Amino acid sequence: MSTPVFQRASTIVHPTELPVDPDNSPLIASVLGSWEEGSVYLLEGPSTRTIHKYLHCTMLNAITRGRKTTMIDAANSFTPQHIDELAQRRRLQTTEILDSIALSRPFQMFQAASIVEKVYNLHVGKSGCLIVVTDLPPMFFDPSVEEAQDSGLSANESFHHSVGLLQRLARSGNIVILTERAQTVDDARLGFAANVHLRFEQVADGYQTATLLSHPNSPLKTVRHRVEKTRRSVQQMSLEEFF
């Protein structure tokens, strides 16, 4: 099943933007000033821990600006404690922020495909929403997955169908952010789906680079940034962070 090349819908005449907070998301802000409606963003690299931490701030920013926010967290990266930290800094009610995030955690391919379909049906025809999807490909390309019997599609076809639905949500005027763990750019299975592609790499102890690989309106560049390490208890760590 072929997936159409992403194109912004002509109906989005004046897409609005969601600013990137340079204080709480410095690595992303170093290469990207804002998230724009009508775009699919791919943030990938060998480790997505820092990326996922920064996306908590992005979701909080969206909520405080009245945007409906949905997260399909296949990476099991969502941390309520981090939302609490960010909310307290801004003197916001943590419970209100958490209640405003529609969160789903698929654990296998059939769940992932079903959740994407439900999110699409919920938001189709609407605009101004933020949709964050973390590390979706492993749900479909696990070696144990061969055939999506329920739909009659192969795992690869089901994957492209799900990504196509996310692309359509962006084209209707939403912001879609995808993350993916990939050792190299060529490993990224979601590269075809995004019109803005960022890669993050650890280059030295405490330092990462952020490289803008594609963007329709901005020059490509690489920025080196110091990333502060914060120690957290085992209870607060995701499986990815633990290993």
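Please read these numbers as outputs of a predicted model, since none were measured by experiment. (Residues numbered from 1 in each chain as written. Predicted model: local features only at pLDDT ≥ 70, side-chain atom pairs only at ≥ 80, totals over all residues. Heavy atoms only, no water.)

Looking now at helix α2 (residues 49-64). Since the α-helix packs 3.6 residues into each turn, any two residues three or four apart lie on the same face. The end-to-end C-alpha distance of α2 is 24 Å, a good match for the 22 Å that 16 residues give at a rise of 1.5 Å each. Counting buried residues in α2 gives 13 out of 16 residues, a clear majority hidden from the surface. Looking one or two residues past α2, G66 carries a phi angle of roughly 80°, positive in sign. (Helix = DSSP H or I, 4+ residues; strand = E, 2+ residues; numbered from the N terminus. Expected span 1.5 Å × (residues − 1). Buried < 20%, exposed > 50% of the residue type's maximum accessible area, 1.4 Å probe, protein only.)

What follows concerns the side chain of N61. Counting through the fold element by element, N61 comes out in helix α2. The class for N61 is buried, based on a relative accessible area of 5%. Residues in contact with N61, not counting those within four places in the same chain, are L18, P19, D21 and R90. (Contact = heavy atoms within 4.5 Å.)

Among soluble globular proteins, nonpolar side chains are generally buried collectively. Membership of the largest hydrophobic core comes to 34 residues, with the highest contact counts inside it found for I28, W35, L43 and I177. Of all the secondary structure elements, the ones that give two or more residues to this core are α1 (26-29), β3 (40-45), α2, α3 (80-89), β6 (130-134), β9 (175-181), β10 (196-204) and β11 (207-214). In terms of residues, this core owes the most to one element, α2, which gives eight residues. If sequence neighbours within four positions are ignored, I177 has contacts with W35, Y41, L43, L55, T58, L130, I131, V132 and V133. (Core = buried A, V, L, I, M, F, W, Y, C linked by side-chain atoms within 4.5 Å.)

Strand order in the open sheet made by the eight strands is β5-β4-β6-β9-β3-β10-β11-β12, with mixed pairing throughout. Both edges of this open sheet fall to β5 (101-104) and β12 (221-226), since each of them pairs with a single strand only. Averaged over neighbouring strand pairs, the angle between their axes works out to 15° when direction is ignored. Where β11 lies against β12, six bridges are found, and the strand directions are antiparallel. Within the sheet, the bridge partner assigned to T211 lies in β12 and is T222. Across the face of the sheet, helix α5 (residues 109-123) comes into contact with β4 (69-73), β5 and β6 while running at roughly 170° to β4. (Pairing = 2+ DSSP bridges. Axes fitted to C-alpha atoms, helices over the stretch in contact; angles between N-to-C directions.)

Remark: the centre distance and the inter-plane angle together describe each pair of aromatic rings, the angle taken between the planes. Going through the model one piece at a time under the given rule, you end up with three aromatic pairs. With a centroid separation of 4.9 Å and 85° between ring planes, the pair formed by W35 and Y41 is classed as edge-to-face. Each member of the pair W35 and Y41 is classed as buried. Both rings, one in F141 and one in F159, keep their centres 4.9 Å apart while their planes meet at 70°; by these two values the pair is edge-to-face. In this pair, F141 is assigned in the loop between α6 (137-140) and β7 (147-148) and F159 in helix α7 (residues 155-171), connecting sequence segments 18 residues apart. Exposure remark for F141: the relative accessible area of 25% places this residue in the partly exposed category. Residue classification places F159 among the buried residues on the basis of a relative accessible area of 1%. Site record: aromatic cluster; members linked through ring pairs are F140, F141 and F159. The ring centre of F141 lies 3.8 Å from the NZ or CZ of R189, which sits over that ring. Just above the ring of Y207 sits the side chain of R224; from NZ or CZ to the centre is 4.3 Å. (Phe/Tyr/Trp six-rings, centres within 6.5 Å; stacked < 30°, edge-to-face > 60°. Lys NZ or Arg CZ within 6 Å of the ring centre and 35° of its normal.)

This part covers the packing of α2 against α3. Closest axis-to-axis distance for the α2/α3 pair is 10 Å, and the angle between their directions is 55°. Relative to α3, the element α2 lies oblique. Along this stretch, α2 crosses α3, giving a crossing that reads as right-handed. Facing α2, whose interface residues are K53, H56, C57 and L60, α3 presents H82, I83, L86 and A87. Residue composition of the contact of α2 with α3, by class: five nonpolar, two polar and one charged. (Parallel < 35°, antiparallel > 145°, perpendicular 65-115°, else oblique. Left-handed = near helix turned anticlockwise from the far one by under 90°. Nonpolar A, V, L, I, M, F, W, Y, C, P; charged D, E, K, R; others polar.)

Per-residue pLDDT for the protein averages 87, and the proportion of residues at 70 or more is 84%. In this model residues 1-12 is a low-confidence stretch, pLDDT under 50, and it forms 29 contacts with partners more than four residues away in sequence or in other chains. Counting contacts from residues 232-243, a segment whose pLDDT is below 50, to residues more than four positions away or on other chains yields 17 contacts. (pLDDT = per-residue confidence, 0-100.)

Here we take up α3. For α3, the full list of buried residues reads H82, I83, L86 and A87. The buried side chains of α3 occupy one side of the element, clustering within an arc of 135° when seen end-on. Exposed positions of α3 whose direction lies more than 90 degrees from the buried face are Q88 and R89. Following α3 by one or two positions, R91 has its phi on the positive side, about 60°. (Arc of directions from axis to C-beta.)

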